[in-house]
Structures are given as C-alpha cells and as structure tokens.
Amino acid sequence: TSTISRTTFASIDARFLHPKQHLFEMAGTLVSVKAYTEEVFLRLQNVFPHWKCNMGNNSNCTNSKCFGVVRCRDIVIAVARESSNRAAVNVACALAVEVLKANPQIID
C-alpha cells in the first residue's frame, strides 16, 4: 500500500476537485450553499428582491425545478437552475468558483 502525504494531496490540480469542495477550499466559512425548490425560490424572491432573475418562458427550462444558491457574506454570487437539487448545487458552486477566481477581492 502506498500512502499519499497531505502536501501531495493538497497539490492535486483543482480541476479534479468537486465543485462544492473547490468552493469551500477557496472561501471556507465565508460561503453558504443551499438548494431550493422552484416554489420556495420564487417565494424568496419576494422577500429578497435582489434575488430576482429573468427566468422567462424558455421551453427548454420546463423541467428545471430546483435552484442552487451560493452566498458569500450574505450576498448572492451564483444561482443555477437545474432538474435536481444536486445538479443545481453543483452548477452553482462551479459558477461561484469562477466568480471568485475573477474577483478574489470578494473573499479578501
């Protein structure tokens, strides 16, 4: 059996990390990730007007019933609409990673 040291594991290219893991390694406890059903998300848009998004009437989105939302310090930085909670969270995390890479001052 071979053992991998922590430093070797830590040096593994970030491209191989799961989106949620990558996000938490970048931002730690500064981010929160939640999944919402479409019904709950639409109600929350009334409570948090800055969450409003243009969902339109795109027929390709009719099966999208779940939203993944990533917040950093209570500011929404990524939202994804997908057919399952898991997919929505994964896509939202991947988007958030790209947002944080492009704007590292968000977590500084």
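About the thresholds
Residues numbered from 1 in each chain as written. Predicted model: local features only at pLDDT ≥ 70, side-chain atom pairs only at ≥ 80, totals over all residues. Heavy atoms only, no water. Helix = DSSP H or I, 4+ residues; strand = E, 2+ residues; numbered from the N terminus. Core = buried A, V, L, I, M, F, W, Y, C linked by side-chain atoms within 4.5 Å. Buried < 20%, exposed > 50% of the residue type's maximum accessible area, 1.4 Å probe, protein only. Contact = heavy atoms within 4.5 Å. Pairing = 2+ DSSP bridges. Axes fitted to C-alpha atoms, helices over the stretch in contact; angles between N-to-C directions.

A positive phi is found at arginine 73, a non-glycine position, where the angle reads about 55 degrees. For arginine 73, the location among the structural elements is in the loop between β2 (66–72) and β3 (75–82). Backbone geometry places aspartate 74, a non-glycine residue, at a positive phi of 65 degrees.

Bringing the nonpolar core into the picture now. The biggest cluster of nonpolar side chains holds 16 residues, and the ones touching the most others in it are Leu23, Val33, Val70, Ile77, Cys93, Ala96 and Leu100. Elements with a minimum of two residues in this core: α2 (19–27), β1 (31–37), β2, β3 and α4 (85–102). In contact with valine 70, other than residues within four places in its own chain, are Leu23, Ser32, Val33, Ile75, Val76, Ile77, Ala78, Ala92, Cys93 and Ala96. Core analysis: the next-biggest nonpolar cluster, separate from the first, contains 5 residues, Tyr36, Leu44, Phe67 and Val69 among them.

Read across the open sheet, the 3 strands follow the order β1-β2-β3; overall the sheet is antiparallel. At either end of the open sheet lies a strand with only one pairing partner, and these are β1 and β3. Direction aside, the axes of adjacent strands within the sheet are offset by 20 degrees on average. Relative to β2, β1 runs antiparallel, the two sharing 7 bridges.

This paragraph deals with the environment of proline 19. Summarising the element assignment, proline 19 is placed in helix α2. Judged by its relative accessible area of 26%, proline 19 falls in the partly exposed class. The spatial distance from the C-alpha of proline 19 to the C-alpha of alanine 92 is 8.5 Å, given a sequence separation of 73 residues. Other than its neighbours up to four places away in sequence, proline 19 contacts Asn90, Cys93, Ala94 and Val97.

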